[in-house]
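# Understanding the architecture of this molecule
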Amino acid sequence: MKVMITPTPYTHLSALVYENAVYLTLTDTWEGGSPAMRDIPLNQLSSVGFRAIRVDEKLPNSSSRLVIDVPQGVQVLVKQYNPYSLSQLWQVKESGQLMHYKTKMFLDIPGRAPNPGTYASLIVKPLDDSRHQTQSWNFQDNGYLTCKLPGLAVSPRNGLLHDGSDAVLDMVSKSPPHIRFHKKRPGCGAVLVTTSLDGPTVVIKLLDAVAGERTVYTDTTSRKEEVIRPFQLQVKLLGGLGLSVINHLPEEILYLSMTGLSFDAELADNRTTVVFDLVGFQADNQCREALVPVVIYPVMREGEHTVHFRMIREVRSDGRLVVYQKCRLSSLTSALSSTRFYFSNSFSF
């Protein structure tokens, strides 16, 4: 299953269904299975676990832990549990069919119904709508696995709970063993996908649809170039900013003063704007008996700024990224020279 997820914040997707194969277990042959699992509702079976014991460990009431298996061909048998065998896995379909995981065929019997007082062998067959009565199965509250035919349930032949016994459809009056399904892996077979913000990242969470409070998997994807929400930042230091440079004595040897500092940044989905302005700038020589008290100062007309920088980054509707930037510096006069800078460009790619 492949699902494409766009990492945008606060997204809630519909439940995603995945295959979760099950074992059809004869619970009387599992240690603690018979008393513990009979009273558990079917929608809570995913939380029931089996004690981790050896496959060959003997139990008091049977020769092994038994499951419904199709080891070869189409004949259904009762076999010892093997966690590495695909032939022991089944899928429960929404309409009630039990599909064998390996052969992709469905639990059935050879004929229409067994003769009165007898049993019918269980096999797997291709899906057939005309065999709805023998291909639709129910896990009853009393622990029996039954089809639509009344009075019949799945059982080992002659009621023998042994490895290799034939699985048959026999009369309920013979007290067949209890059969439940147990999922191979935890989970209900469906996950909910949600996204949320955690600082500068988008967190993608996969949650079990039933136990929604438990996080099954969490991953993070950096936002990088994508802007999540409109954002604006404005910083203004109208009174200015001063910086002193001192020596080891300590004595102040240089004082830098900046006035009219402002910074404005605006981020949107497809447009980013950054503006920086510096109105006044001056460097003063603070040494005693300095020949040049003012080292650097701007020469400006009224209304001009010492530094003006503007940058615009925009994603056009056709997908092109366009960047425009402009930087202007006023003339700076110093004891050595006078220089004027001007830089302006625009480009796209």
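Structure's up top.
Residues numbered from 1 in each chain as written. Predicted model: local features only at pLDDT ≥ 70, side-chain atom pairs only at ≥ 80, totals over all residues. Heavy atoms only, no water.

### Section: the overall build of the protein
Here is the rule we go by: Put simply, DSSP marks the helices as runs of H or I at least four residues long and the strands as runs of E at least two long, and each gets a number from the N terminus on. Remark: exposure states derive from per-residue accessible area (1.4 Å probe, protein chains only) relative to the maximum for the residue type, with buried under 20%, exposed over 50%, and partly exposed in between. Contact definition: two residues touch when any of their heavy atoms are within 4.5 Å. Methods summary: accessible areas were calculated by the Shrake-Rupley approach with a probe of 1.4 Å, and residue burial reflects only the protein chains presented.
From N to C terminus, the protein includes two helices and 25 strands. The buried share of the protein, reckoned over its 349 residues, is 37%. For the protein, the share of sequence-separated contacts (at least 6 apart) that also reach a separation of at least 24 residues comes to 49%. Summed over all atoms, the accessible surface of the protein reaches about 20600 Å², with 55% contributed by carbon and sulfur.

### Quick look at the pattern of salt bridges
Put simply, the rule reads: For this document, the term salt bridge refers to a Lys or Arg side-chain nitrogen within 4 Å of an Asp or Glu carboxyl oxygen.
Under the criterion given, the structure shown has five salt bridges. With a shortest N-O distance of 2.6 Å, Asp108 and Arg131 are connected by a salt bridge. On the criterion of sequence distance, the pair formed by Asp108 in strand β7 (residues 106-108) and Arg131 in the loop between β9 (123-125) and α2 (132-135) is long-range, its members being 23 residues apart. Judged by relative accessible area, which is 0%, Asp108 ranks as buried. Notably, a salt bridge pairs Arg271 with Glu314, separated by 3.3 Å at the nearest N-O pair.

### Digging into the packing of aromatic side chains
The condition is simple: Only Phe, Tyr and Trp rings take part, Trp by its six-membered ring, and two of them pair if their centres are within 6.5 Å. Stacked means planes under 30 degrees apart, edge-to-face means over 60, and tilted covers everything else.
Counting across every chain of the model gives three aromatic pairs. With centroids separated by 5.2 Å and ring planes inclined at 80°, the aromatic side chains of Tyr23 and Tyr81 adopt a geometry described as edge-to-face. With Tyr23 in strand β2 (residues 22-26) and Tyr81 in the loop between β4 (77-80) and β5 (90-92), this residue pair connects regions lying 58 residues apart in the sequence. Summarising the burial analysis for this pair, Tyr23 and Tyr81 share the class buried. When the ring of Phe139 is compared with that of Phe181, the centres are 5.1 Å apart and the planes differ by 70°; the resulting orientation is edge-to-face. With a gap of 42 residues between them, Phe139 in strand β10 (residues 137-139) and Phe181 in strand β14 (residues 179-183) connect regions that are remote in the sequence. By relative accessible area, which is 11% here, Phe139 ends up buried. Judged by relative accessible area, which is 12%, Phe181 ranks as buried.

### Considering the environment of Leu254
Mapped onto the fold, Leu254 is located in strand β20 (residues 252-267). Of the residues examined, Leu254 reaches a relative accessible area of 24% and is grouped as partly exposed. C-alpha separation for the pair Leu254 and Gln286, spaced 32 residues apart in sequence, amounts to 5.2 Å. Not counting residues up to four positions away in its chain, the partners in contact with Leu254 are Leu243, Ser244, Val245, Ala283, Asp284, Asn285, Gln286 and Val295.

### A short note on the pairing of strand β19 (residues 241-246)
Inclusion rule: At least two bridges found by DSSP between two strands are what make those strands a pair.
For β19 and β20, the ladder comprises six bridges, and the chain directions are antiparallel. Among the inter-strand pairings, Leu241 is bridged to a residue of β20, identified as Met258. The antiparallel pairing of β19 with β20 creates a hairpin that spans five residues between the two strands.

Without other data, these values stay purely geometric and don't point to any function.
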